[in-house]
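Fold and contact review
Chain by chain, the residues run as shown.
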Amino acid sequence: MKTTDSKLPVAIVLATVAAIYFLFIHYVPYCYDDWNFKEMYMRGSGGQFVLTWEWFTDYIDLVRFENDGRLSDITIILFEFMPRWIYDVFLALSCVVWIWLSVKFVNPDRRITAVGTVVFWLLTVLFMPWRDWIMACVVFSLNYVIASALCAVFIWMWISRPRTIWLIPCLVLGFVVGCWHEGFSVSLAAGAFLMALARKRMPDAVHIATYVALLAGIVVAITAPGIINRLMNETDGEFIAIGFKYVARDMTMVAALAVTAIVMWIVPRWRGRLTEAWASTPLPFFTGACAMASLIVVKQGVSPRVAWPAEYFAILSLMILFQPVLKSRFARIASVAAYAGIVVFYANVLRWQKKTYCQVEEIMNLYEQSADGTVHYDFDPDTPVWTLHHPSRSQMLEVRNGLFLEGIDPMRRRFRLLPHEQSESECRR
């Protein structure tokens, strides 16, 4: 991998990405929605947690009927049958792919640079809504982090020129991305369409076929009875009611992109940079995807998680527009400091995430020993502000969490977590 003359090698940055997110997800216990999907599987299997094709297909039907048609939510049960380290490695490598490809998109010569890698990583750390339970359970990471990696792979295929021999893999990729998470795939479809319009030419046969596969996956996802019922029952206008606060807190990069585009269009000497980027980079794709993702936020913006795709596409767009700045000497020097800051930041995040892991493990041990499911344990869900609330700690106090746990318990004990005067025991892991 080629780098700039930064003192920080790209390989070291990507190795750090892999190590940090391996540890991060390792200390995210299976809980909350992970238990929910396990309960669905065991409901169809008669209480047996054994993987068979018949029970798996019954599980898919149940997930689509009760929850949604996302492939991410269907996939979680397969990982629950595997040794946990497999998912830990899978997520770590997916994060590397996500960041590595994203940096290649925004660089005109498609090189991976240390400066670009650190800047993109820093922006995702600061402005992606990690705090909203993105790492509260394993399935949430499938819905957002893994979805981002799949988006990156799809975008790389779309802006490349795959030969006909790659048709079948491209079709599979398009369909999988289409039904992985509709919030990402609908936005990708809009971005790809706008880019085709901006280039004023029809895509080739491979791209057209892949786009059709993407649309087919979207149809599979959004026609699930569960997602239709959810969309019909959710109230519109939540975003409007908290609009400014939501934008300032959860769509910072989207707002920054809008302001940047307006200023660059108004100022004549910057307008050329904007028009050049529109004509020669994937900027039309990213802005189209960002616009569609932002419309989804307006429709469904109840939780910060909804803004995740919009923020991702906004970051890609901004990095394209600010490429000249990223090539400056100041950026090379600042990237080293930013890298060090990210490492220090995540060291603290991981400390808190491990604390959560240990406490959840202790709570589960007490639950197993409990006659009626009542656990006496002092559990504080708060994390310091300087962690940006990346660690997720409140799921143990959620009512639904107890219901999910009760559903997979052979004795059907109602989980209740009550305070205890004794201090928490030492975690010996």
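Residues numbered from 1 in each chain as written. Predicted model: local features only at pLDDT ≥ 70, side-chain atom pairs only at ≥ 80, totals over all residues. Heavy atoms only, no water.

This next bit is on the overall build of the chain. Scanning the chain for helices and strands turns up 20 helices and 2 strands. Dimensions along the principal axes, computed over C-alpha positions, put the chain at roughly 70 × 45 × 45 Å. Taken across its 429 residues, the chain has 54% of its residues classed as buried. Of the contacts made within the chain by residues no fewer than 6 positions apart, 80% connect residues no fewer than 24 positions apart. Accessible surface for the chain amounts to roughly 19,400 Å². Of this, 66% is attributable to carbon and sulfur atoms. (Helix = DSSP H or I, 4+ residues; strand = E, 2+ residues; numbered from the N terminus. Buried < 20%, exposed > 50% of the residue type's maximum accessible area, 1.4 Å probe, protein only. Contact = heavy atoms within 4.5 Å. Areas by Shrake-Rupley, 256 points an atom, 1.4 Å probe, with all protein chains shown as cover.)

When pLDDT is averaged across the chain, the result is 91; 94% of the residues are at 70 or more. The model gives residues 1-5 a pLDDT under 50, and that stretch makes 16 contacts with residues more than four places away or in other chains. Below pLDDT 50 for its whole length, residues 422-426 participates in 6 contacts with residues either more than four positions away or in separate chains. (pLDDT = per-residue confidence, 0-100.)

Let us now look at the side chain of Asp33. Inspection of the secondary structure assignment puts Asp33 in helix H2 (residues 33-44). Despite being buried, Asp33 has no salt bridge partner; Arg400 is the closest side chain of opposite charge, sitting 5.5 Å away. In contact with Asp33, other than residues within four places in its own chain, are Cys137, Val139, Phe140 and Phe404. (Lys, Arg positive; Asp, Glu negative; His and termini not counted. Salt bridge = Lys/Arg side-chain N within 4 Å of Asp/Glu carboxyl O.)

Glancing now at a nonpolar patch on the surface. A contiguous nonpolar patch, built from Trp85, Val89 and Leu93 and spanning about 310 Å² of accessible area, is present on the exposed surface. Structurally, the position occupied by Val89 is in helix H5 (residues 84-106). The partly exposed category is assigned to Val89, whose relative accessible area is 31%. (Patch = residues over 30% accessible without salt bridge, like charges linked within 9 Å, V, L, I, M, F, W, Y side chains within 5 Å.)

Right, let's get into the environment of Val177. Residue placement: Val177 occurs in helix H8 (residues 167-180). Among the residues examined, Val177 registers a relative accessible area of 3% and is labelled buried. A C-alpha to C-alpha distance of 9.6 Å links Val177 and Leu215, two positions 38 residues apart in sequence. Sequence-distant contacts of Val177, that is, excluding residues within four places in its chain, are made with Leu150, Phe154, Ser185, Leu188 and Leu214.

The next subject is unusual backbone geometry. With a phi close to 55°, Leu388 is a non-glycine residue in the positive phi region. With respect to the element layout, Leu388 can be found in the loop between strand E1 (374-376) and helix H20 (399-408). Residue Leu388 is classed as partly exposed on the basis of its relative accessible area, which comes to 34%. Although it is not a glycine, His389 adopts a positive phi angle of roughly 60°. We classify His389 as partly exposed; its relative accessible area is 31%.

What follows deals with the packing of aromatic side chains. Tallying each qualifying case throughout the model produces 35 aromatic pairs. Seen from their ring centres, Tyr41 and Phe81 are 5.3 Å apart, and the 75° between their planes marks the pair as edge-to-face. With Tyr41 in helix H2 and Phe81 in the loop between helix H4 (71-80) and H5, this residue pair connects regions lying 40 residues apart in the sequence. Here Tyr41 falls in the buried class, since its relative accessible area comes to 0%. Centre to centre, the rings of Trp158 and Tyr211 are 5.8 Å apart; their planes meet at 50°, and the pair counts as tilted. Highlighted residues: Trp158 in helix H7 (residues 138-159) and Tyr211 in helix H10 (residues 205-222), separated in sequence by 53 residues. (Phe/Tyr/Trp six-rings, centres within 6.5 Å; stacked < 30°, edge-to-face > 60°.)

In helix packing, the relevant descriptors are the interaxial angle and the interaxial distance, both defined with respect to the helix axes. Closest axis-to-axis distance for the H2/H20 pair is 8 Å, and the angle between their directions is 35°. Classified by chirality, the crossing of H20 by H2 is left-handed. Contact residues: Asp33, Trp35, Asn36, Lys38, Glu39 and Met42 in H2; Asn401, Phe404, Leu405, Gly407 and Ile408 in H20. Along the lines of polarity and charge, the residues of the contact of H2 with H20 split into 5 nonpolar, 3 polar and 3 charged. (Axes fitted to C-alpha atoms, helices over the stretch in contact; angles between N-to-C directions. Left-handed = near helix turned anticlockwise from the far one by under 90°. Nonpolar A, V, L, I, M, F, W, Y, C, P; charged D, E, K, R; others polar.)

Working definition: two side chains of opposite charge can pair if their charged atoms are close together. Counted under the stated rule, the structure contains 13 salt bridges. In this structure, Arg131 engages Asp250 in a salt bridge whose closest nitrogen and oxygen atoms are separated by 1.9 Å. Note that Arg131 is positioned in the loop between helix H6 (114-127) and H7 and Asp250 in helix H13 (residues 243-250), a separation of 119 residues in sequence. It is possible to trace a salt-bridge network through shared partners that takes in Asp68, Arg70, Glu182 and Arg230.

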